[in-house]
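# Residue-level structural notes
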Amino acid sequence: MIYFGLMVVMVAIGAVVFLGSPAQVNSQRDTTDGINIGGSDLGGVVTSTGGREAGVWVIAETTDLPTKFAKIVVTDDKGRYVIPDLPKANYSVWVRGYGLIDSPKVKTTTGNITNLKAVIAPTAAQAAEYYPAIYWFSMLHVPQKSEFPLEKVTSQGAWLNIIKTGACQSCHALGTKGMRTIPKELGEFKTSVEAWSRRLQSGGARALMARDISRLDSDRALKFFADWTDRISAGELPFAKPERPQGIERNIVITLWDWSRPTAYLHDEISTDRRNPRVNANGKIYASTEDSTDLLPILDPKTNRATEGLHPVRDPNTPSSKSNPFGSSPYWGAEPIWDSKTLNHNPMMDEKGRIWFTSRIRASKNPDFCKQGSDHPSAKAFPIEEADRNLSMYDTAAGKFTLISTCFPTHHLNFAQDANQTLWTSSGIGGPGVIGWLNRRMFEETGDEVKSQGWTPFILDTNGNGRRDAYVEPNQPVDSTKDKRVLVNIYAVSVSPADGSVWGTVVGYPGQIVRVQPGSNPTETAVSEIYEVPLPGFGPRGGDIDNNGVFWASLASGHLASFDRRKCKMLRGPTATGKHCPEGWSFYQLPGPQLKDVKDPGSAEASYYTWVDRFDTFGLGRNIPIAMGNLNDSIFALVNGKFVDFRIPYPSGFFPKNVDGRIDDPNAGWKGRGLWSTSGTRTMFHLEGGKQNQPKAARFQLRPDPLAR
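Read on for an overview of the structure. (Residues numbered from 1 in each chain as written. Predicted model: local features only at pLDDT ≥ 70, side-chain atom pairs only at ≥ 80, totals over all residues. Heavy atoms only, no water.)

Check the secondary structure of the chain and you find 10 helices and 45 strands. Taking 709 residues into account, the globule formula puts the C-alpha radius of gyration at 27 Å, and the chain, at 25 Å, falls close to it. The principal-axis extent of the C-alpha atoms belonging to the chain is close to 80 × 60 × 50 Å. Within the span of the chain, comprising 709 residues, buried residues form 62% of the whole. Here the contacts in the chain between residues at least 6 apart in sequence split such that 63% fall between residues at least 24 apart. (Helix = DSSP H or I, 4+ residues; strand = E, 2+ residues; numbered from the N terminus. Rg over C-alpha atoms; globule rule 2.2 N^0.38 Å. Buried < 20%, exposed > 50% of the residue type's maximum accessible area, 1.4 Å probe, protein only. Contact = heavy atoms within 4.5 Å.)

Here you go:
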């Protein structure tokens with residue numbers, strides 16, 4: 001056990017300048033417009049020179065609390081708004097909306113009717129500055145379908161997969177202000193191609209950027225990116241425009257807290273147990289910081305206080321991201337800003353409110369019990385030499401960490417609902433081609449990390465007898481008398497409430513999803529199924545499964561996909577190797593424009609992950625899939641086959657990697673439930689606010705109407 005120390009994040013309160021005084025402050029009740037507020041609310045009417053402004057955002061922000069705090073609502077069809085349940089403080093309040101520029105900030109306190117004057121954008125260029133990244137990204141030219149195959153890329157879809165969630169936009173959005181312009185601090189260059197070449201050598205991710213640009217055919221790709229920023233610099237504007245929130249989208253209440261630090265980036269947050277959203281009611285929120293820092297963000301939404309705690313390692317010689325290849329940054333200069341040994345990637349909470357992480361606790365070389373010659377059952381079946389991440393558990397009540405060395409690499413994790421409280425993990429994009437697990441009950445009873453863990457490769461039942469047998473290797477042809485191993489690594493991992501099977505995504509083009517039925521002894525009995533994504537879809541990354549056993553996945557093609565195994569005509573046998581169940585797939589085109597040069601269905605959206613609301617924690621019903629709108633500043637809920645877009649307009653560039661849902665009080669209506677997320681971009685400094693930005697913790701709540709309080 002290792003003590004987990006906490007450090008309070010200190011937020012300085014700066015002076016705010018308020019321009020003019022366009023607000024009208026009246027009593028707590030405005031009988032003319034039917035606006036009713038209490039002592040902790042704000043309300044009023046938004047008008048402009050064009051009349052009442054419907055479907056625009058009203059933002060109230062304060063630095064009076066322990067951390068910067070903001071609440072955002074949308075005006076109704078009469079331009080009215082109510083911001084409910086604000087902590088007592090002085091607030092800056094202003095209007096943001098499409099077709100507008102930000103209104104002057106008005107200083108007010110809670111309990112007041114504050115009418116606001118919106119400002120019509122003087123020019124189309126000024127209006128476009130508020131558009132989400134997707135509208136700028138969709139201007140990028142890409143190779144025509146007729147040009148393929150290229151030297152390194154087989155198809156337009158494969159090219160798109162790389163620049164979207166298959167690589168580039170899994171880390172940040174290309175259409176943000178920091179990406180669609182070239183900062184002057186980068187240097188002087190003869191051409192924009194040279195500027196882009198230098199840009200990709202900046203920062204601590206330069207090795208990844210070099211890898212991914214080379215996958216595209218570097219010279220051609222750099223010309224496309226240079227042309228894109230040149231056209232924008234010359235004044236070209238997006239060919240499509242975003243719509244204002246409509247219908248139920250206007251019922252959203254968004255709360256934002258600053259947490260972590262400007263040099264950090266967050267991958268995921270967790271608020272509750274995936275299997276029971278009433279766990280940790282009204283409790284603290286926790287996040288993972290991956291390559292950026294070992295200081296884990298913690299938010300107490302009751303006190304509006306953000307703190308940090310140090311995640312330890314077992315081996316003090318564990319390498320740090322600070323030693324990764326690095327290039328001078330136009331934002332941060334010559335010194336690396338990331339310094340992480342643990343590489344914390346994904347947190348999950350158990351039924352006791354403890355947080356489990358996929359984290360590095362030692363160097364990657366595995367101990368002997370993982371390798372060839374070990375008597376460990378999984379090592380005897382499939383030895384593993386290295387693991388880049390392991391497992392850890394933070395006991396929130398005791399303030400202590402437990403570190404667990406795993407032979408298998410870890411990336412995402414999820415708990416089963418079985419007697420062993422099995423914790424299943426994915427290995428991410430690379431790895432040895434196994435799925436790993438921890439028998440949590442055994443580990444807690446014995447403390448034996450060796451005996452409590454296991455792993456298995458992915459074995460298809462190609463002889464069709466319904467069980468696992470001797471198998472041929474991935475490079476060998478199918479043998480109708482044997483099973484077959486497939487060399488894949490899953491990215492997402494989710495456990496089906498319907499039958500206990502474990503599902504995951506395989507990143508790539510066209511990509512696959514995998515189902516694993518563990519059996520009584522997974523090392524020897526686990527049988528896998530693999531299903532390739534058929535066109536028009538491609539490029540899965542994150543995914544989740546609903547209560548009915550239907551798997552949902554975000555695709556780089558700009559779709560949310562569902563796969564219903566119950567529709568498959570064939571599940572096993574010599575041809576059940578991926579292409580055998582196209583009938584199980586359905587596709588839903590994500591919101592936003594398609595790239596201008598792409599004629600296939602889909603969207604320019606690069607959705608990172610999908611999470612299924614199994615328990616109606618948000619208020620739209622059970623089993624609602626929610627896809628991340630990474631380029632739209634949004635989350636998308638699929639309701640009756642149509643997407644509802646819930647957008648965070650401020651600060652622009654919100655990049656959610658995932659959400660989770662918690663029920664704080666089942667008897668409190670909409671106020672007792674909500675979704676939680678966090679800023680997931682690696683480049684907070686590319687966004688509105690620049691280097692001063694801190695990541696945001698975000699809560700989404702859905703009230704019955706735009707004036708409910």
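Having seen the structure, we can now continue with the description.
What the four strands build is an open sheet, ordered β39-β40-β41-β42; its pairing is antiparallel. The open sheet has two free edges, formed respectively by β39 (610-613) and β42 (642-647), since each of these has just one partner strand. Here the average twist between neighbouring strands, direction ignored, is 30 degrees. Strand direction decides the pairing type here: strand β41 (residues 634-639) and β42, joined by six bridges, are antiparallel. (Pairing = 2+ DSSP bridges. Axes fitted to C-alpha atoms, helices over the stretch in contact; angles between N-to-C directions.)

Counting buried positions along helix α3 (residues 156-163) gives eight out of eight residues, so the element sits mostly inside the fold. Among all positions of α3, only Q156, G157, A158, W159, L160, N161, I162 and I163 are buried. The elements touched by buried residues of α3 are α2 (133-137), α6 (206-215) and α7 (218-233).

What follows concerns the state of the cysteines. Summed over the entire model, instances satisfying the criterion amount to two disulfides. Bridging C370 to C407, the disulfide has an S-S length of 1.9 Å. Here the disulfide of C370 and C407 is left-handed, its torsion about the S-S bond being about -75 degrees. Separated by 37 residues along the polypeptide, C370 in the loop between β22 (355-359) and α8 (377-381) and C407 in the loop between β24 (400-404) and β25 (413-415) bring together distant segments of the chain. Linked covalently through their sulfurs, C568 and C581 form a disulfide whose S-S length is 2.1 Å. Across the S-S bond linking C568 and C581, the dihedral sits near -100 degrees, which makes this disulfide left-handed. Of the two residues, C568 sits in the loop between β37 (559-563) and β38 (585-589) while C581 sits in the loop between β37 and β38, which places them 13 residues apart along the sequence. We classify C568 as buried; its relative accessible area is 13%. Across the chain, the way the bonded cysteines pair up, counted in sequence order, is 1-2, 3-4. (Disulfide = S-S within 2.5 Å.)

Another point: helix α5 (residues 192-199). A195, W196 and R199 are the residues of α5 that are buried. Take α5 and look down its axis: the buried residues cluster within an arc of 95 degrees, on one side only. Against α4 (177-180), α6 and α7 lie the buried residues of α5. (Arc of directions from axis to C-beta.)

This part covers the nonpolar core. The biggest cluster of nonpolar side chains holds 76 residues, and the ones touching the most others in it are L140, W159, I163, I626, F646 and F700. In terms of residue count, α7 provides more of this core than any other element does, seven residues in total. Apart from residues lying up to four places away in sequence, F700 is in contact with I252, V253, I254, F618, I635, F646, I648, F654, G674, L675 and S677. (Core = buried A, V, L, I, M, F, W, Y, C linked by side-chain atoms within 4.5 Å.)

On to the environment of G327. Along the chain, G327 turns up in the loop between β20 (305-310) and β21 (346-349). Given a relative accessible area of 5%, G327 falls into the buried group. For G327 and R198, which are 129 residues apart along the polypeptide, the C-alpha to C-alpha distance reads 9.1 Å.

All right, on to the pattern of salt bridges then. Inspection of the entire model under this criterion finds 42 salt bridges. A salt bridge links D85 to K671; the nearest nitrogen and oxygen atoms lie 3.0 Å apart. Taken together, the residues span a long stretch of sequence, with D85 in the loop between β10 (80-83) and β11 (90-96) and K671 in the loop between β43 (656-663) and β44 (673-679) at a distance of 586 residues. Given the relative accessible area of 34%, D85 is considered partly exposed. We classify K671 as partly exposed; its relative accessible area is 34%. Among the ionic pairs, K177 bridges to E129, the shortest N-O distance being 3.1 Å. Of this pair, K177 sits in helix α4 while E129 sits in the loop between α1 (124-128) and α2; the two residues are 48 residues apart in sequence, bridging distant segments of the chain. Judged by its relative accessible area of 35%, E129 falls in the partly exposed class. Residues joined in a network through salt bridges with shared partners are D273, R275, D350, E351, K352, R354, R440 and E444. (Salt bridge = Lys/Arg side-chain N within 4 Å of Asp/Glu carboxyl O.)

Our focus in this paragraph is the sheet that holds strand β45 (residues 696-702). The pairing of strands in a sheet comes from backbone hydrogen bonds and takes either a parallel or an antiparallel form. Taken in spatial order, the eight strands of this open sheet run β13-β11-β8-β9-β16-β45-β44-β43, and their pairing is antiparallel. Whereas interior strands pair on both sides, the edge strands pair on one side only; in this sheet they are β13 (106-109) and β43. Here the strands of the sheet are splayed against their neighbours by 25 degrees on average, with no regard to which way each runs. Of the pairings in the sheet, the one linking strand β8 (residues 57-62) to β11 comprises five bridges and is antiparallel in character. What sits directly across from E61, in β11, is S92.

For H411, the location among the structural elements is in the loop between β24 and β25. Looking at H411, its side chain comes within polar contact range of the side chain of R389, at 3.2 Å. Excluding residues that lie within four positions of it along the chain, H411 makes contacts with H345, N346, T358, R389, S426, S427, G428 and Y491. (Polar contact = N/O pair within 3.5 Å; in protein donor to acceptor, adjacent residues only side chain to side chain.)

With that settled, consider unusual backbone geometry. Each neighbour pair has its own omega, and for Y509 with P510 the value is -5 degrees, a cis peptide bond. Its location among the elements puts P510 in the loop between β32 (502-506) and β33 (512-517). Residue P651 is reached from Y650 by a cis peptide bond, and omega for that bond is -15 degrees. Within the element layout of this structure, P651 appears in the loop between β42 and β43. Residues other than glycine seldom take positive phi values, yet N304 does so here, at roughly 55 degrees. Summarising the element assignment, N304 is placed in the loop between β19 (295-300) and β20.

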